[in-house]
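This is what each chain is made of:
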Amino acid sequence: MVEQLTSRELEVLQLIAAGDSNQTIAEKLVITVSTVKKHTGNIFGKLNVSSRTQAIVRARKLGLLSVNG
């Protein structure tokens, strides 16, 4: 069992899955790029992964993301 993601981490994860860059995510969520990187690091740690691709695959397997996004 992985540690539960916060609502903001889930938002970031959904945008990562959509293919958005850190800059684009920051603009959409009105946060800094460094905050996006912090959330991404937290997501990686909680999902026990080391890349965006692995995070998306793991999140889909856990039912955190739909297969289409």
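Predicted model, so just to flag it, every value in this text is computed and none were measured.

**Looking at the overall build of the protein**
So, step 1. A tally of regular secondary structure across the protein gives four helices and zero strands.
So, step 2. Across the protein, helices and strands are ordered from the amino to the carboxyl terminus as α-α-α-α.
So, step 3. Its C-alpha radius of gyration of 11 Å places the protein within 12% of the 11 Å reference for a compact globule of 69 residues.
So, step 4. In terms of its C-alpha atoms, the protein occupies a principal-axis envelope of roughly 30 × 25 × 20 Å.
So, step 5. Looking at the protein as a whole, 36% of its 69 residues qualify as buried.
So, step 6. Counting every atom, the protein has about 4,300 Å² of accessible surface; 51% of that belongs to carbon and sulfur.

**A few points about the confidence of the model for the protein**
Interpretation of the predicted coordinates at a detailed level should be avoided for regions scoring low in pLDDT.
So, step 1. For the protein, per-residue confidence averages 93 on the pLDDT scale, and residues scoring 70 or more make up 93% of the total.
So, step 2. Put simply, helix α4 (residues 52–61) is where the protein has its lowest mean pLDDT, 96, and helix α2 (residues 22–29) is where it has its highest, 98.

**Examining the nonpolar core**
So, step 1. In terms of nonpolar packing, the biggest core is built from 19 residues, with L13, I25, I43 and A55 touching the most fellow members.
So, step 2. Of all elements in the fold, only α1 (7–17), α2, α3 (33–47) and α4 reach the threshold of two or more residues within this core.
So, step 3. The greatest single-element share of this core, amounting to five residues, is contributed by α1.
So, step 4. When sequence neighbours within four positions are dropped, the list of residues in contact with I43 reads L5, E9, V12, L13 and A55.

**Brief notes about α4**
So, step 1. For α4, every residue scored as buried is listed here: A55, I56 and A59. All buried residues of α4 lie within an arc of 100° about the axis, which places them on one face of the element. Exposed and oriented more than 90 degrees from the buried face of α4 are T53 and K61.
So, step 2. Buried-residue contacts for α4 involve α1 and α3.
So, step 3. Where α4 terminates, the next one or two residues include G63, which has phi positive at roughly 80°.

**Points about the environment of I56**
So, step 1. Mapped onto the elements, I56 comes out in helix α4.
So, step 2. With residues up to four places along the chain from it excluded, the contact list for I56 reads I16, A17 and L65.

Conventions we followed
- Residues numbered from 1 in each chain as written.
- Predicted model: local features only at pLDDT ≥ 70, side-chain atom pairs only at ≥ 80, totals over all residues.
- Heavy atoms only, no water.
- Helix = DSSP H or I, 4+ residues; strand = E, 2+ residues; numbered from the N terminus.
- Rg over C-alpha atoms; globule rule 2.2 N^0.38 Å.
- Buried < 20%, exposed > 50% of the residue type's maximum accessible area, 1.4 Å probe, protein only.
- Areas by Shrake-Rupley, 256 points an atom, 1.4 Å probe, with all protein chains shown as cover.
- pLDDT = per-residue confidence, 0-100.
- Core = buried A, V, L, I, M, F, W, Y, C linked by side-chain atoms within 4.5 Å.
- Contact = heavy atoms within 4.5 Å.
- Arc of directions from axis to C-beta.

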